[in-house]
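Close look at the chain arrangement
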Amino acid sequence: MNDMRILERSVGIKEVKISARGCQVYYGDNHAIKDVDIDIEDKTVTAFIGPSGCGKSTFLRCLNRMNDTIDIARVEGTILLDGEDIYDPKVDPVQLRAKVGMVFQKPNPFPKSIYDNIAYGPRIHGLARNKADLDEIVEKSLRRGAIWDEVKDRLDAPGTGLSGGQQQRLCIARAIATEPEVLLMDEPCSALDPIATAQVEELIDELRESYSVVIVTHSMQQAARVSQKTAFFHLGHLVEYGETGHIFTNPSDPRTESYITGRIG
Amino acid sequence: MTDLSANQPRRGAPAGRTGGSLYATDARTRRRNAAEKRFRLYGMVAVAIGVAFVIALLSVILLNGTGAFQQSFVTAPVYLDPAKLDKKGARDIEDIKKVSTFGYSPLIDEALQTMLAERGIDSTFEKPKEYRALLSASAAAQVRDYVIANPGRIGETVEFRLLASSRVDGYLKGRVTRDSIARDKNISAAHLDLADAMVAAGMLRKGFNWAFITGADASESRPEQAGMGVSMLGSLFMMLVVLGLSLPIGVAASIYLEEFAPKNRFTDLIEVNISNLAAVPSIVFGILGLAVFIQFAHLPQSAPLVGGLVLTLMTLPTIIISTRAALKAVPPSIRDAALGVGASKMQSVFHHVLPLAMPGILTGTIIGLAQALGETAPLLLIGMVGYIASNYPQGIGSGFLDPNSAMPAQIYEWAKRADPAYYERAWGGIIILLLFLMTMNIIAILLRRRFERRW
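Note that this is a predicted model, so its numbers are computed, not measured.

Thoughts on the interface of chain A and chain B
Between chain A and chain B, the contact holds 24 residues from the first and 19 residues from the second. Carbon and sulfur atoms supply 62% of the area that chain A and chain B bury against each other, a total of about 1,700 Å² over both sides. It is Phe110, Pro111 and Tyr120 of chain A in chain A that bury the most area against chain B; as a group they hold 30% of the surface buried on that side. Counting every contact that joins chain A to chain B gives zero salt bridges. Taken together, the links from chain A to chain B amount to four residue pairs in polar contact (both at pLDDT 80 or more). Top contributing element to the side of chain A that touches chain B by residue count: helix H3 (residues 114-125) of chain A, with four residues. Residues that form the side of chain A that touches chain B fall into these classes: 11 nonpolar, seven polar and six charged.

Some thoughts on the domain arrangement of chain B
Residue and element names in this part refer to chain B. Each domain of chain B was delimited in the assignment, giving domain 1 (71-208) and domain 2 (229-451). Once you take the C-alpha centre of each, domain 1 and domain 2 turn out to be 46 Å apart. If you look at the interface, domain 1 gives six residues, while domain 2 gives five residues. The contact between domain 1 and domain 2 buries some 360 Å² in all, and 33% of this surface belongs to carbon and sulfur atoms. On the surface where domain 1 and domain 2 come into contact, there are three salt bridges. Measuring nitrogen to oxygen at the nearest pair gives 2.9 Å for the salt bridge that ties Arg175 to Glu424. Ranked by residues supplied to the side of domain 1 that touches domain 2, first place goes to helix H6 (residues 166-173) with four residues. Class assignment of the residues belonging to the side of domain 1 that touches domain 2 gives a composition of no nonpolar, two polar and four charged.

What about the packing of helix H12 (residues 304-329) of chain B against helix H14 (residues 345-373) of chain B?
In a packed pair of helices, the relevant descriptors are the angle between the two axes and the axis-to-axis distance. Residue and element names in this part refer to chain B. Where H12 meets H14, the closest approach of the two axes is 8 Å, and the angle between their N-to-C directions is 150°. In terms of axis orientation, H12 runs roughly antiparallel to H14. Seen along the crossing, H12 lies across H14 with a hand that is right-handed. Two secondary-structure elements touch here, H12 through Leu311, Thr315, Thr318, Ile319, Ser322, Thr323, Ala326 and Leu327 and H14 through Val353, Leu354, Ala357, Gly360, Ile361, Gly364, Thr365, Gly368, Leu369, Gln371 and Ala372. Tallied by class, the residues present in the contact of H12 with H14 amount to 10 nonpolar, nine polar and no charged.

Quick notes on the sheet that holds strand S5 (residues 84-85) of chain A
Each strand in a sheet pairs with another by means of backbone hydrogen bonds, the pair being arranged parallel or else antiparallel. Sheet architecture is open: four strands sit in the order S2-S1-S4-S5 (chain A), paired in antiparallel fashion. The sheet is open, and its two borders are formed by strand S2 (30-41) and S5 of chain A, each paired with just one other strand.

Brief notes about helix H7 (residues 189-200) of chain B
Residue and element names in this part refer to chain B. When the terminal C-alpha atoms of H7 are compared, their 17 Å separation across 12 residues agrees well with the 16 Å that a helix rising 1.5 Å per residue should span. Here H7 has its buried residues at His191, Leu192, Leu194, Ala195 and Met198. With its buried residues spanning 160° around the axis, H7 presents them on a single face. Of the surrounding elements, those touching the buried residues of H7 are strand S1 (70-79), helix H4 (101-118), H6 and strand S3 (204-208). Of the residues one or two after H7, Gly202 is the one with positive phi, at around 80°.

A few points about the sheet that holds strand S9 (residues 229-234) of chain A
Residues and elements named next belong to chain A. The six strands lie next to each other as S6-S7-S8-S3-S9-S10, forming an open sheet whose pairing is mixed. The open sheet has two edge strands, strand S6 (100-103) and strand S10 (237-243), and neither has a second partner. Ignoring which end each strand starts from, the neighbouring axes of this sheet average 15° apart. The sheet contact formed by S9 and S10 spans six bridges and is antiparallel. Looking at the pairing, Thr230 lines up with Gly242 of S10. Strands S6 and strand S7 (182-186) of the sheet are contacted by helix H6 (residues 164-177), whose axis makes an angle of about 170° with S6.

Remarks on the packing of aromatic side chains
As enumerated under the stated definition, the model contains 13 aromatic pairs over all chains in all. Seen from their ring centres, Phe69 of chain B and Phe208 of chain B are 6.5 Å apart, and the 25° between their planes marks the pair as stacked. Note that Phe69 of chain B is positioned in the loop between helix H1 (27-65) and S1 and Phe208 of chain B in strand S3, a separation of 139 residues in sequence. What links up through ring pairs into an aromatic cluster is the set Phe69, Phe208, Trp210, Phe212, Trp414 and Tyr422 of chain B. We note Arg174 of chain A situated over the ring of Phe110 of chain A; from NZ or CZ to the ring centre the distance is 4.5 Å.

Thresholds applied
Residues numbered from 1 in each chain as written. Chains lettered and ligands numbered in written order. Predicted model: local features only at pLDDT ≥ 70, side-chain atom pairs only at ≥ 80, totals over all residues. Heavy atoms only, no water. Contact = heavy atoms within 4.5 Å. Buried area = accessible area lost by both parts, 1.4 Å probe. Salt bridge = Lys/Arg side-chain N within 4 Å of Asp/Glu carboxyl O. Polar contact = N/O pair within 3.5 Å; in protein donor to acceptor, adjacent residues only side chain to side chain. Helix = DSSP H or I, 4+ residues; strand = E, 2+ residues; numbered from the N terminus. Nonpolar A, V, L, I, M, F, W, Y, C, P; charged D, E, K, R; others polar. Domains from an automatic or database assignment. Axes fitted to C-alpha atoms, helices over the stretch in contact; angles between N-to-C directions. Parallel < 35°, antiparallel > 145°, perpendicular 65-115°, else oblique. Left-handed = near helix turned anticlockwise from the far one by under 90°. Pairing = 2+ DSSP bridges. Expected span 1.5 Å × (residues − 1). Buried < 20%, exposed > 50% of the residue type's maximum accessible area, 1.4 Å probe, protein only. Arc of directions from axis to C-beta. Phe/Tyr/Trp six-rings, centres within 6.5 Å; stacked < 30°, edge-to-face > 60°. Lys NZ or Arg CZ within 6 Å of the ring centre and 35° of its normal.

Right under this line is the structure:
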């Protein structure tokens, strides 16, 4: 744990973006998420940590209703985005996902050109009125995804031809091209090498200025590096949630302590 | 690693296991190596047997079938005698049409007789009529068609390339021998002598048989005239029906089942039934088509439309199964990616999943079509077999609705006929059919290669 740098950041009182109360998730008979209450703040990076199978990815996927695509998954309780229940029958998950973007564990660019990868979201949501608009959105997104300089000369090249780290930043750029308010990241660096990881982490830190970022990670160092708030999940329970510095230096729950010191997990 | 004792010498273990040099193979390793060697041998034998069968099949087909692509022709100048063809001399097309092929046959007989006499070829025949066995019965019709198309040439001598009779053709190809005609009433040894002399004089020679590829079926007694062309059109119209129906229905069904349908007992039941349908014997589809399309819906018998409908039923399970496999093979991460940027389910399917599954879908469709193209049994039941096609369809509509045959049905029909000349044509038909199937399979492979490396 020597290389762990815990960055001190000013964490003021921020608006709550997502608020979950009594959230339960069942996969068939398996009770995967048990009674989770959490308030995720705006313009903050929130990290979900915990051992494999603890439910952190499952909970993340509840936040933009990606669990809807799994037939046997059932979600109970309330999750509010800006005070609106996202599981309300009136909510169309497609509209929700435009607001709550997602980046996945494995870089998954579409097998299309880099340009089309970015332009796809804005196109289906009608964000651009004409080609010039779209070009601008693509450039802006790629710049914010910190990949513009690497790909600006080959926007027509297939997105799948990029390196792993570039692909992941392309996916992040794709996610922010639809101008979401929340960005969910499910272990975005697990398939990347340390250099690419560092680039993506730097990017996440920049994204904090405009978005509420929720990141699931297996690496405690990463959680410590990029997040301001950390939630520790264990066996489907949200064990502890608080300031990242606090969680890593002075955890109040013995399970958290066991995990961050490497005794469980 | 878990069972450490396995690496230590145990009591009763083979001696080779307890230490010993790495250079000496122990008994156990030798036995395992021998087993592997035996298994490889079995595999090679199995492959060799398969290859031998394929080679045998292809060589037999080529040996028997290539003959059908060659046909013997007699080149003869025929004097179009006005006294017989246009007695009134008015060159009125209606008058000319009144002369039947019976009026033309003597002209051809005489033409042969004079030509042989000019070349100094002796024949023992007394009557000109006796020459007739050298030529196909279609010769008179060929000359008559020419005269009706060109009435102005009556009175001239025109050189014709007339089909030799199937016996003479067989003699040139070695199918008919002097022994085999001993009890044949259609031809005598004298005819064969004459044929030999005509070959020597260059009047009778073999040429490429375009009529076999483009022509229509012919009656039992004129195998030299029969061709695959019209039944190929029958197959083509059937395939159009199959493609037009089974591709959209099959793809729509599989997309719904794979991407949208809830997974419950009902969809499971549908799934099982689709798999079962793929294994239903094709003749069952045939009798279903007979009952539903012909007896109940009163669609025309023997029509490519009905054949296409029946084959569609047969092809659908194949297409659905392969399409679902292609859709399943698209990585779920692509679906997640699309949903993650806020695409609807349908957008994710049509913008991302379907294009990626396309090569698989097309391959499955082409293989399904190839299967349908070679299918004979259901056609027997809806009457697309027998002596049906004698003319090209008049147009698109009649192509779908007029009685026609199909390639495999035509082959079956020829193989049934008594004349050995038809047997040869059946093999020739198989070559054409196999060429079509091979082309389709090659297209399928190319499509797969072309689009495969996309992610």
